[in-house]
Amino acid sequence: MVNCYLVTGEGGSVLVDTGEEPYKEKVLKACQGEDVKLIVLTHGHIDHIQNGAWLSRQLGVPIGMNEKDVELIENQFAQPLEGRGIFGKALAAASLRKMRKNRIERFVPRVFLEEGDSLEEFGVKARILELPGHTEGSIGLLVGRKAVIVGDTLMHMVFPGIASICGDERKLRESTKRIGGLGERKIYFGHGGPVSWKKAERFLNRKAD
């Protein structure tokens, strides 16, 4: 249900998000031989960070995230999380149950990522895009000229669209506009398969109508 990505360049690789505990070995195996130099967390929710501490140890690399989401490592309820519509409310309830039932091994991020930061020192041509709304510290990655990893700002669950759960819907919609303003790129979601922005925009407009 959760996507993790390896962004690979001439000088190394960056792992984006870490998934949930049952899949830690699978993620580690995918990283082996890829010269991973940094783990980037798009935001602080459990399904994206649960394997952070373990993978950081196994790979011997630091963890990077936006400072505004660090509080979620200690307390998943430090920021609000509400559902939009019937599906969103059900998804929010399921997410909150998961947060209550499961633990996160504590870790300390060593790299704080902000708008415009380059990841070239870690071997890849990518830069950080701040996308608040789903959480306060949600970030994305602009990869080259043709791709963007958006975390949970947008989701592709049944169809691509704005996240069904969020902390601040106004900020979420502003972040969605930012993604659209990047022009035609392939969108890589935290949940669901990638699509072109053109296709995602059609669904966004349809829902708005």
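Here the structure is a predicted model, which means the values were calculated and not measured.

Visitor: Looking at this structure, I do not really get the overall build of the protein chain. What am I missing?
Guide: On a plain count of helices and strands, the protein chain comes out with seven helices and 14 strands. Taken over the C-alpha trace, the protein chain has a radius of gyration of 16 Å; the compact-globule value for 209 residues is 17 Å, and the two agree within 12%. In terms of principal-axis extent, the alpha carbons of the protein chain reach across some 50 × 40 × 25 Å. Taking all 209 residues of the protein chain together, 51% fall into the buried category. Within the protein chain, counting contacts between residues at least 6 apart in sequence, those at least 24 apart form 63% of the total. Only carbon and sulfur atoms are counted for the fraction: they give 49% of the accessible area of the protein chain, which is about 10,400 Å². Averaging the locations of the 31 positively and 28 negatively charged side chains of the protein chain gives two centres separated by 6 Å.

Visitor: Is there a simple way to explain the nonpolar core in this structure?
Guide: Looking at soluble globular proteins, one finds that nonpolar side chains tend to be buried together. Judged by nonpolar contacts, the single largest core of 42 residues is most densely connected at F107, L154 and I187. In contact with L154, other than residues within four places in its own chain, are G161, I162, A163, T176, I179, I187, F189 and W197. Counting 16 residues, the second-largest nonpolar core is a separate cluster that includes V111, L119, L141 and I149.

Visitor: Explain the packing of helix α1 (residues 24-31) against helix α3 (residues 52-59) here, please?
Guide: Axes are the key here: two packed helices are described by the angle between their axes and the distance separating the axes. The geometry of α1 relative to α3 is characterised by a closest axis approach of 11 Å and an angle of 35 degrees between their N-to-C directions. Our pair here, α1 against α3, has a crossing hand that is right-handed. In contact with K24, E25, V27, L28 and C31 of α1, α3 contributes W54, L55, Q58 and L59.

Visitor: Explain the side chain of S138 here, please?
Guide: As for its placement among the helices and strands, S138 is situated in the loop between β7 (126-130) and β8 (139-143). For S138, a relative accessible area of 4% translates into the label buried. At 2.7 Å, the side chain of S138 and the side chain of T135 are in polar contact. What S138 contacts, discounting residues up to four positions off in sequence, is T42, H43, D69, L129, E130, L131 and P132.

Visitor: What exactly am I supposed to notice about the environment of E121 here?
Guide: With respect to the element layout, E121 can be found in the loop between β6 (111-112) and β7. With relative accessibility at 66%, the residue E121 sits in the exposed group. On a C-alpha basis, the gap between E121 and P109 in space is 17 Å, while along the polypeptide they are 12 residues apart.

Visitor: Before we go on, may I ask you to explain the sheet that holds β7 in this structure?
Guide: The strands making up a sheet associate through backbone hydrogen bonding, with each pair oriented either parallel or antiparallel. Strand order in the open sheet made by the five strands is β7-β8-β9-β13-β14, with mixed pairing throughout. Edge positions in the open sheet fall to β7 and β14 (195-196), since each of these has one partner strand only. Pairing of strand β9 (residues 147-149) with strand β13 (residues 186-188) involves three bridges; the strand directions are parallel. Residue pairing across strands places V148 opposite I187, the latter belonging to β13.

Visitor: What exactly am I supposed to notice about the side chain of T18 here?
Guide: When you line up the elements, T18 lands in the loop between β2 (12-16) and α1. With residues near it in sequence (within four places) discarded, T18 still touches C4, V27, I39, L41, H48, I49, Q50, N51, G52 and L55.

Visitor: How do you make sense of the pairing of strand β10 (residues 154-157) when you look at a structure like this?
Guide: The side-chain alternation of β10 yields two buried faces, one formed by L154 and H156 and the other by M155 and M157. As judged from the four bridges shared by β10 and strand β11 (residues 159-162), these two strands associate in the antiparallel manner. Across the sheet, residue L154 finds its bridge partner in β11, namely I162. Count of turn residues in the β10/β11 antiparallel hairpin: one residue, of which V158 carries a positive phi of about 80 degrees.

The rules we used
Residues numbered from 1 in each chain as written. Predicted model: local features only at pLDDT ≥ 70, side-chain atom pairs only at ≥ 80, totals over all residues. Heavy atoms only, no water. Helix = DSSP H or I, 4+ residues; strand = E, 2+ residues; numbered from the N terminus. Rg over C-alpha atoms; globule rule 2.2 N^0.38 Å. Buried < 20%, exposed > 50% of the residue type's maximum accessible area, 1.4 Å probe, protein only. Contact = heavy atoms within 4.5 Å. Areas by Shrake-Rupley, 256 points an atom, 1.4 Å probe, with all protein chains shown as cover. Lys, Arg positive; Asp, Glu negative; His and termini not counted. Charge placed at Lys NZ, Arg CZ, Asp CG, Glu CD. Core = buried A, V, L, I, M, F, W, Y, C linked by side-chain atoms within 4.5 Å. Axes fitted to C-alpha atoms, helices over the stretch in contact; angles between N-to-C directions. Left-handed = near helix turned anticlockwise from the far one by under 90°. Polar contact = N/O pair within 3.5 Å; in protein donor to acceptor, adjacent residues only side chain to side chain. Pairing = 2+ DSSP bridges.

What is shown is where atoms sit, not what they do.
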